[in-house]
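Residues per chain are reported as follows:
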Amino acid sequence: MPNPPAKKPHSTMSHGINLRPDQKEIWFVDGVFGYVYAFDVTKRPAKHVADMPIFKNPSETPKPGWVSFSLDGKYAYPDGGVVYDAFTHKVVTYIPTSEKMIEIQFRDGKAIKAAWIYVGPHNDGGWSQAHDEGRLAVVKALGSKVETTYKENVPEGPQVAQVIDSLVKDGNKIIFATSFGYQDAVLAAAKKYPDVDFEMATGYKTAKNMADYYGAGEDAIYLSGMAAGAATKTGVVGYVVPFAIPEVIRHTNAFALGVQATHPGATVKIVWTNSWFSPATEKKAAQSLKAAGADVIGQNVDSPAAGQYAESAGLPWVGYDSDAQKFAPKQWLTAAVYNWGVYYIPRVKASMDGTWKTGSYYGSLSDGFTKLAPFGSLVSSATKAAIADFMSEAPRP
């Protein structure tokens, strides 16, 4: 080791100490000799495992320094300008000397780009809006580490493949497709672009670089059905539904069971819209359900149009996807809603740091992915208590 300098640039020459994030090594900075020392603390006594120069040029005047680690724990930053691999103790690169550092995680030298594809408007008051709120949660959590974009009103058909091509061309490294009918196009794109991470909401097909994700919306929908059942006087509840696919059938059954839990013998009448987002069709469906005797309206479609009609007709309304109380403030009961940020934030982080893996996620009430929106004024204390009792007794995964 070199001799100590004649003049000390600081009164304390060894004030940098840090524990590696995995808590297996402790690193000490020696400002006198210009080294950082690593000790294995999994053993007693700690074992000295590495001596690493702080500076690129040994002739530089040593100075006291801090040692910091990257957020993922892979790299160490003594403030002399050398960047070390935190596990091999080898030099990775050099950066300008500074005692003040901020870390921004990049992928291929740039903040990661993440994109979302919506079947409706991003502010539809329902499904797509809930996803967009999840996107905004990513922005809030990751800040300048991520650049997000979205494409809205993308129909389920050939057009989605063109949208994906455009998003990949623009440099997006993780793409979230948020409608069931996108699935085959996403699977084809995953094969076409193996270096992009694809996420398919409500799907069931996966690939090496394609995951699927959804959650137990049926649990919260059952609870919203309980609110609808308690509100009906005629024993007939109307339910506006989009397509006869397993997801929607599952949700419709859950809603009907919830209705019957608080109003035994009640019936649920349904009208198919054959569209996820069609405000005019949804309004007509709600009108026809009222004509058929329904005095409460629920829905599994994306816009608040049925609720706006219910407000004008004086019918209690159960929404879906988002908290849409503002569209029917007098007739609002509640809604099953999704907190997509619970899933989106860790998935974007994983894509960012290279740890993303395919898989299938199914969120729940327990992890906060799905829940009930706040109750409206029409929901009685007894109904709230019944729902709370059911939630407390329901099994958890």
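Thresholds applied
Residues numbered from 1 in each chain as written. Predicted model: local features only at pLDDT ≥ 70, side-chain atom pairs only at ≥ 80, totals over all residues. Heavy atoms only, no water. Helix = DSSP H or I, 4+ residues; strand = E, 2+ residues; numbered from the N terminus. Buried < 20%, exposed > 50% of the residue type's maximum accessible area, 1.4 Å probe, protein only. Contact = heavy atoms within 4.5 Å. Areas by Shrake-Rupley, 256 points an atom, 1.4 Å probe, with all protein chains shown as cover. Phe/Tyr/Trp six-rings, centres within 6.5 Å; stacked < 30°, edge-to-face > 60°. pLDDT = per-residue confidence, 0-100. 1 Å grid on protein atoms, 1.4 Å probe; cavity = no way out; pocket = protein on both sides within 12 Å on 5 of 7 lines; lining within 4 Å. Points joined across faces, edges and corners; volume = space filled by probe spheres on them. Nonpolar A, V, L, I, M, F, W, Y, C, P; charged D, E, K, R; others polar. Polar contact = N/O pair within 3.5 Å; in protein donor to acceptor, adjacent residues only side chain to side chain. Pairing = 2+ DSSP bridges. Axes fitted to C-alpha atoms, helices over the stretch in contact; angles between N-to-C directions. Patch = residues over 30% accessible without salt bridge, like charges linked within 9 Å, V, L, I, M, F, W, Y side chains within 5 Å. Salt bridge = Lys/Arg side-chain N within 4 Å of Asp/Glu carboxyl O. Right-handed = clockwise from strand over helix to strand, strands pointing away.

A. Geometry of the overall build of the chain. Each helix and strand in the chain was counted, giving 9 helices and 20 strands. Within the chain, the proportion of its 397 residues that are buried is 49%. If you take every contact in the chain between residues at least 6 apart in sequence, the share linking residues at least 24 apart comes to 60%. As displayed, the chain offers around 18,300 Å² of accessible surface, 54% of which is attributable to carbon and sulfur atoms.

B. Structural view of the packing of aromatic side chains. If you walk through the whole model with that rule in mind, you get 29 aromatic pairs. Relative to phenylalanine 369, the ring of tyrosine 361 has its centre 5.6 Å away and its plane inclined at 80°; by these criteria the two rings are edge-to-face. One aromatic cluster in this structure is built from Trp116, Trp127, Phe176, Tyr213, Tyr214, Tyr320, Tyr338, Trp340, Tyr343, Tyr344, Tyr361 and Phe369.

C. Broad picture of the confidence of the model for the chain. Across the chain, the average pLDDT comes to 89, with 89% of residues at or above 70. Scored below 50 in pLDDT, residues 1–14 shows 23 contacts in the model against residues more than four places distant or in partner chains.

D. Looking closely at empty space enclosed by the protein. All chains considered together, the criterion is met by 1 cavity of 30 Å³ or more. As a volume, the largest cavity reaches approximately 80 Å³. In the lining of the largest cavity, the residues fall into 5 nonpolar, 4 polar and 2 charged.

E. Here's a closer look at the side chain of threonine 178. Following the sequence through the fold, threonine 178 ends up in the loop between strand S11 (174–177) and helix H3 (183–192). Taking relative accessible area as the criterion, threonine 178 reaches 0% and is therefore assigned buried. Polar contacts involving the side chain of threonine 178 include one to the main-chain carbonyl oxygen of isoleucine 117, which spans 2.5 Å. Excluding residues within four positions of it along the chain, threonine 178 makes contact with Trp116, Ile117, Tyr118, Val119, Trp127, His131, Ala201, Tyr213 and Tyr344.

F. Representation of the sheet that holds strand S7 (residues 82–85). Spatial strand order, S5-S6-S7-S8: 4 strands in an open sheet with antiparallel pairing. Of all the strands in the sheet, just strand S5 (67–69) and strand S8 (91–94) have a single pairing partner and so form its edges. Within this sheet the neighbouring strands show an average axis-to-axis angle of 25°, counted without direction.

G. Quick look at the pairing of strand S3 (residues 35–40). Summarising the sheet, strand S2 (residues 25–30) and S3 pair through 6 bridges and their orientation is antiparallel. Bridged to phenylalanine 28 within S3 is tyrosine 37. In textbook terms, the turn of a hairpin is the stretch between consecutive antiparallel strands, and for S2 and S3 this stretch comprises 4 residues, one of which, glycine 34, has a positive phi near 75°. Pairing analysis gives 6 bridges linking S3 to strand S4 (residues 47–53), with the strands arranged antiparallel. Each bridged residue has a counterpart across the sheet, and for alanine 38 the counterpart in S4 is alanine 50. Linkage of S3 to S4, two consecutive antiparallel strands, is achieved through a turn of 6 residues.

H. Quick look at the environment of isoleucine 164. Inspection of the secondary structure puts isoleucine 164 in helix H2 (residues 159–169). What makes isoleucine 164 buried here is its relative accessible area of 0%. For the pair isoleucine 164 and alanine 115, spaced 49 residues apart in sequence, the C-alpha to C-alpha distance is 9.3 Å. Those residues within four positions of isoleucine 164 in sequence are excluded, and the remaining contacts are Ile117, Ile175, Ala185, Val186, Ala189 and Phe198.

I. Representation of unusual backbone geometry. Cis geometry is adopted by the peptide bond preceding proline 45, which originates at arginine 44 and carries an omega value of 0°. By the element assignment, proline 45 lies in the loop between S3 and S4. At threonine 202, a position not held by glycine, the phi torsion is positive, near 65°. Along the chain, threonine 202 turns up in the loop between strand S12 (197–201) and strand S13 (210–215). A positive phi angle, near 55°, is found at asparagine 274, a position not held by glycine. Along the polypeptide, asparagine 274 turns up in the loop between strand S15 (267–272) and helix H6 (279–291). A relative accessible area of 55% places asparagine 274 in the exposed class.

J. Summary view of the environment of glycine 126. If you trace the backbone, glycine 126 turns up in the loop between strand S9 (112–117) and helix H1 (127–142). Judged by relative accessible area, glycine 126 falls into the buried class, the value being 0%. For the pair formed by glycine 126 and proline 304, sequence separation is 178 residues and the distance between their alpha carbons is 7.0 Å. If we ignore the near neighbours within four places in the chain, the residues touching glycine 126 are Asp302, Tyr320, Asp321 and Ser322.

K. Main features of a nonpolar patch on the surface. Together, Ile249, Ile270 and Trp272 make up an exposed nonpolar region whose accessible area comes to about 250 Å². Locating isoleucine 270 in the fold gives a position in strand S15.

L. Up close: the pairing of strand S14 (residues 236–241). Buried residues dominate S14, accounting for 6 of its 6 residues. A two-sided burial pattern is seen for S14, the buried positions comprising Val236, Gly238 and Val240 on one face and Val237, Tyr239 and Val241 on the other. The pairing of S14 with S15 spans 6 bridges and is classified as parallel. Considered in S15, the bridge of glycine 238 is made with lysine 269. Each parallel crossover has a hand, and for S14 linked through helix H5 (residues 246–262) to S15 it is right-handed.

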